[in-house]
Amino acid sequence: MRWDRLFADLEAQLDVLERAELAAEVVEHTRAERGQIELAHRLVSAVDGSTRLKVSGLGWVQVRLLDVGTDWLLTELASSTAARGRELLIPLPAVYAVEGLRRAADARPSAVSRRFGLRHALRALSRDRAPVRIHDRDGDQVSGTIDRVLADHLDLARHPGDEPRRTDAVRGMLSVPYSALAAVRRI
(Lines give C-alpha, C1' and ligand atoms only; values in the text may rest on other atoms or scores of the structure.)
Protein backbone atom coordinates (compact mmCIF):
# COMPACT_ATOMS: atom_id res chain seq x y z
CA MET A 1 0.00 0.00 0.00
CA ARG A 2 2.78 2.43 0.90
CA TRP A 3 4.50 1.73 -2.41
CA ASP A 4 1.33 2.57 -4.32
CA ARG A 5 1.06 5.93 -2.54
CA LEU A 6 4.74 6.65 -3.13
CA PHE A 7 4.44 5.92 -6.87
CA ALA A 8 1.23 7.95 -7.12
CA ASP A 9 2.91 10.85 -5.35
CA LEU A 10 5.92 10.64 -7.70
CA GLU A 11 3.62 10.54 -10.75
CA ALA A 12 1.71 13.57 -9.47
CA GLN A 13 4.98 15.48 -8.95
CA LEU A 14 6.10 14.52 -12.47
CA ASP A 15 2.77 15.71 -13.92
CA VAL A 16 3.13 19.06 -12.13
CA LEU A 17 6.69 19.48 -13.47
CA GLU A 18 5.62 18.58 -17.02
CA ARG A 19 2.74 21.08 -16.89
CA ALA A 20 5.05 23.80 -15.57
CA GLU A 21 7.54 23.05 -18.37
CA LEU A 22 4.80 23.17 -20.99
CA ALA A 23 3.48 26.46 -19.59
CA ALA A 24 6.99 27.95 -19.71
CA GLU A 25 7.38 26.79 -23.34
CA VAL A 26 4.05 28.35 -24.30
CA VAL A 27 5.08 31.66 -22.71
CA GLU A 28 8.45 31.57 -24.51
CA HIS A 29 6.85 30.76 -27.89
CA THR A 30 4.32 33.56 -27.39
CA ARG A 31 7.10 36.03 -26.65
CA ALA A 32 9.05 34.83 -29.69
CA GLU A 33 5.99 35.24 -31.93
CA ARG A 34 5.32 38.73 -30.60
CA GLY A 35 8.94 39.60 -31.32
CA GLN A 36 8.23 39.03 -35.03
CA ILE A 37 5.35 41.53 -35.24
CA GLU A 38 6.23 44.83 -36.87
CA LEU A 39 4.33 48.10 -36.65
CA ALA A 40 3.27 47.69 -40.28
CA HIS A 41 1.58 44.37 -39.39
CA ARG A 42 -0.51 46.09 -36.74
CA LEU A 43 -1.28 49.00 -39.05
CA VAL A 44 -2.56 46.59 -41.75
CA SER A 45 -5.06 45.29 -39.18
CA ALA A 46 -6.20 48.87 -38.55
CA VAL A 47 -6.95 49.77 -42.20
CA ASP A 48 -10.32 51.57 -42.49
CA GLY A 49 -10.09 52.47 -38.83
CA SER A 50 -9.50 55.81 -37.16
CA THR A 51 -6.24 56.46 -35.34
CA ARG A 52 -3.95 59.27 -34.27
CA LEU A 53 -0.44 59.53 -35.64
CA LYS A 54 2.41 61.64 -34.38
CA VAL A 55 4.20 62.58 -37.58
CA SER A 56 7.53 64.35 -37.69
CA GLY A 57 6.99 67.97 -38.70
CA LEU A 58 3.20 67.71 -38.48
CA GLY A 59 2.61 66.73 -34.87
CA TRP A 60 -0.47 64.71 -33.92
CA VAL A 61 -2.99 64.15 -36.73
CA GLN A 62 -6.29 62.29 -36.56
CA VAL A 63 -6.55 60.03 -39.61
CA ARG A 64 -8.35 57.12 -41.13
CA LEU A 65 -5.90 54.51 -42.46
CA LEU A 66 -6.64 53.75 -46.10
CA ASP A 67 -3.70 51.54 -47.04
CA VAL A 68 -0.33 50.34 -45.77
CA GLY A 69 2.77 49.57 -47.80
CA THR A 70 6.15 48.27 -46.85
CA ASP A 71 7.40 51.73 -45.85
CA TRP A 72 4.43 54.10 -46.20
CA LEU A 73 0.87 54.78 -45.05
CA LEU A 74 -1.95 56.25 -47.07
CA THR A 75 -4.25 58.14 -44.75
CA GLU A 76 -7.21 60.45 -44.91
CA LEU A 77 -7.26 63.43 -42.58
CA ALA A 78 -10.18 63.42 -40.19
CA SER A 79 -9.15 66.07 -37.68
CA SER A 80 -10.85 69.24 -38.91
CA THR A 81 -13.68 70.05 -41.26
CA ALA A 82 -11.37 71.97 -43.63
CA ALA A 83 -8.85 69.13 -43.82
CA ARG A 84 -11.30 66.22 -43.76
CA GLY A 85 -11.01 63.96 -46.78
CA ARG A 86 -7.51 65.05 -47.77
CA GLU A 87 -5.22 62.13 -48.37
CA LEU A 88 -1.68 62.08 -47.02
CA LEU A 89 1.05 59.70 -48.12
CA ILE A 90 3.25 59.31 -45.04
CA PRO A 91 6.62 57.52 -45.03
CA LEU A 92 6.60 55.06 -42.15
CA PRO A 93 9.93 56.35 -40.75
CA ALA A 94 8.27 59.77 -40.26
CA VAL A 95 5.73 58.23 -37.86
CA TYR A 96 6.91 58.76 -34.29
CA ALA A 97 3.92 57.27 -32.48
CA VAL A 98 0.52 55.70 -33.12
CA GLU A 99 -2.41 55.98 -30.75
CA GLY A 100 -5.45 53.77 -30.95
CA LEU A 101 -4.03 50.56 -32.41
CA ARG A 102 -5.65 47.31 -31.39
CA ARG A 103 -3.53 44.35 -30.35
CA ALA A 104 -4.42 42.55 -33.56
CA ALA A 105 -1.75 42.15 -36.21
CA ASP A 106 -1.72 40.76 -39.72
CA ALA A 107 1.74 39.25 -40.01
CA ARG A 108 1.05 37.17 -43.10
CA PRO A 109 3.90 37.67 -45.59
CA SER A 110 1.39 38.75 -48.24
CA ALA A 111 -0.23 41.40 -46.03
CA VAL A 112 2.59 43.93 -46.25
CA SER A 113 5.52 42.55 -48.25
CA ARG A 114 3.50 42.11 -51.44
CA ARG A 115 2.84 45.83 -51.49
CA PHE A 116 5.04 48.32 -53.26
CA GLY A 117 7.38 50.78 -51.60
CA LEU A 118 7.36 54.55 -51.18
CA ARG A 119 9.21 55.16 -54.46
CA HIS A 120 6.49 53.35 -56.40
CA ALA A 121 3.78 55.47 -54.78
CA LEU A 122 5.75 58.64 -55.54
CA ARG A 123 6.30 57.50 -59.14
CA ALA A 124 2.53 57.19 -59.54
CA LEU A 125 2.13 60.81 -58.42
CA SER A 126 4.91 61.85 -60.79
CA ARG A 127 3.34 59.95 -63.70
CA ASP A 128 -0.01 61.66 -63.04
CA ARG A 129 1.74 65.07 -63.02
CA ALA A 130 -0.39 65.76 -59.97
CA PRO A 131 0.38 68.97 -58.06
CA VAL A 132 1.45 68.05 -54.54
CA ARG A 133 2.33 69.68 -51.27
CA ILE A 134 5.36 68.16 -49.57
CA HIS A 135 5.71 68.47 -45.81
CA ASP A 136 9.21 67.93 -44.44
CA ARG A 137 10.22 66.72 -41.00
CA ASP A 138 11.02 70.24 -39.82
CA GLY A 139 7.44 71.37 -40.44
CA ASP A 140 8.07 73.29 -43.67
CA GLN A 141 6.01 72.68 -46.79
CA VAL A 142 6.38 73.38 -50.47
CA SER A 143 4.09 72.81 -53.45
CA GLY A 144 4.88 71.73 -56.97
CA THR A 145 5.01 68.69 -59.22
CA ILE A 146 7.25 65.68 -58.74
CA ASP A 147 9.44 65.57 -61.85
CA ARG A 148 11.69 62.64 -60.99
CA VAL A 149 11.75 59.87 -58.41
CA LEU A 150 15.30 58.69 -57.85
CA ALA A 151 17.01 56.13 -55.58
CA ASP A 152 17.04 58.16 -52.36
CA HIS A 153 15.39 61.47 -53.26
CA LEU A 154 12.87 63.14 -55.54
CA ASP A 155 13.05 66.27 -57.67
CA LEU A 156 10.18 68.70 -57.24
CA ALA A 157 9.42 71.47 -59.74
CA ARG A 158 8.30 74.24 -57.36
CA HIS A 159 5.23 76.18 -58.48
CA PRO A 160 2.03 77.47 -56.88
CA GLY A 161 -0.32 74.62 -56.05
CA ASP A 162 -3.24 76.24 -57.85
CA GLU A 163 -1.32 76.47 -61.15
CA PRO A 164 -0.42 73.62 -63.50
CA ARG A 165 3.23 72.81 -64.05
CA ARG A 166 4.26 75.10 -66.87
CA THR A 167 7.78 76.34 -67.59
CA ASP A 168 6.89 79.94 -66.78
CA ALA A 169 5.23 78.91 -63.46
CA VAL A 170 8.20 76.88 -62.17
CA ARG A 171 10.14 78.82 -59.55
CA GLY A 172 12.95 76.32 -59.21
CA MET A 173 13.83 72.68 -58.70
CA LEU A 174 14.08 71.22 -55.24
CA SER A 175 15.71 67.86 -54.47
CA VAL A 176 14.21 66.27 -51.35
CA PRO A 177 15.73 63.18 -49.72
CA TYR A 178 13.14 60.59 -48.70
CA SER A 179 14.59 60.72 -45.20
CA ALA A 180 13.37 64.34 -44.96
CA LEU A 181 9.77 63.61 -46.03
CA ALA A 182 7.01 63.79 -43.44
CA ALA A 183 4.03 63.64 -45.83
CA VAL A 184 3.00 64.16 -49.43
CA ARG A 185 -0.48 65.40 -50.29
CA ARG A 186 -2.18 65.91 -53.62
CA ILE A 187 -3.44 69.45 -53.94
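What comes next is a walk through the structure. (Residues numbered from 1 in each chain as written. Predicted model: local features only at pLDDT ≥ 70, side-chain atom pairs only at ≥ 80, totals over all residues. Heavy atoms only, no water.)

1. Focus: the overall build of the chain
Thinking step 1. Summing up its helical and strand segments, the chain has four helices and 10 strands in all.
Thinking step 2. Sorting the 187 residues of the chain into buried and exposed places 34% on the buried side.
Thinking step 3. If you take every contact in the chain between residues at least 6 apart in sequence, the share linking residues at least 24 apart comes to 50%.
Thinking step 4. Surface summary for the chain: the accessible area is close to 11,600 Å², and the carbon and sulfur share equals 50%. (Helix = DSSP H or I, 4+ residues; strand = E, 2+ residues; numbered from the N terminus. Buried < 20%, exposed > 50% of the residue type's maximum accessible area, 1.4 Å probe, protein only. Contact = heavy atoms within 4.5 Å. Areas by Shrake-Rupley, 256 points an atom, 1.4 Å probe, with all protein chains shown as cover.)

2. Thoughts on the side chain of S126
Thinking step 1. Mapped onto the fold, S126 is located in helix α4 (residues 118-128).
Thinking step 2. Polar contacts involving the side chain of S126 include one to the main-chain carbonyl oxygen of D147, which spans 3.5 Å.
Thinking step 3. Contact partners of S126, with chain neighbours within four places excluded, come to I146, D147, R148 and V149. (Polar contact = N/O pair within 3.5 Å; in protein donor to acceptor, adjacent residues only side chain to side chain.)

3. So, the pairing of strand β7 (residues 141-149)
Thinking step 1. Among the nine residues that make up β7, seven are buried, leaving the element largely enclosed by the rest of the structure.
Thinking step 2. One ladder, built from five bridges, connects strand β6 (residues 131-136) with β7; its direction is antiparallel. What sits directly across from R133, in β7, is S143.
Thinking step 3. The turn linking β6 back onto β7 is made up of four residues, and G139 within it adopts a positive phi angle of 100°. (Pairing = 2+ DSSP bridges.)

4. Details of unusual backbone geometry
Thinking step 1. A positive phi angle, close to 80°, is found at D48, a residue other than glycine.
Thinking step 2. Phi angles above zero are rare outside glycine, and R129 is one such case at about 55°.
Thinking step 3. Following the sequence through the fold, R129 ends up in the loop between α4 and β6.
Thinking step 4. Residue classification places R129 among the partly exposed positions, given a relative accessible area of 38%.

5. Points about the side chain of T75
Thinking step 1. Mapping T75 onto the fold places it in strand β3 (residues 72-77).
Thinking step 2. Beyond its immediate stretch of four places on either side in the chain, T75 contacts L53, V63, R64, L65, L66, R86, E87, L88 and I90.

6. Observations regarding the pattern of salt bridges
For side chains of opposite charge, pairing can occur when their charged atoms come near one another.
Thinking step 1. Counted under the stated rule, the structure contains seven salt bridges.
Thinking step 2. Put simply, E76 and R64 hold a salt bridge, and the shortest N to O gap is 3.3 Å. Note that E76 is positioned in strand β3 and R64 in strand β2 (residues 59-68), a separation of 12 residues in sequence.
Thinking step 3. Here D147 ties to R129 by a salt bridge, and the two come within 3.0 Å at their closest N and O atoms. Placement of the pair is D147 in strand β7 and R129 in the loop between α4 and β6, with a sequence separation of 18 residues. (Salt bridge = Lys/Arg side-chain N within 4 Å of Asp/Glu carboxyl O.)

7. Quick notes on α4
Thinking step 1. Every buried residue of α4 is listed here: L118, A121, L122, L125 and S126. Seen end-on, α4 carries its buried residues on one side only, within an arc spanning 145°.
Thinking step 2. Phi turns positive one or two residues past the end of α4, at R129, with a value near 55°. (Arc of directions from axis to C-beta.)

8. Some thoughts on the pairing of strand β1 (residues 50-55)
Thinking step 1. A one-sided burial pattern is seen for β1, the buried positions being T51, L53 and V55 and the unburied ones S50, R52 and K54.
Thinking step 2. Where β1 hands over to β2, the hairpin turn is made up of three residues, of which G57 adopts a positive phi near 85°.
Thinking step 3. One ladder, built from four bridges, connects β1 with strand β5 (residues 95-99); its direction is antiparallel. Paired with V55 across the bridge in β5 is V95.

That's the geometry; what it means functionally is another story.
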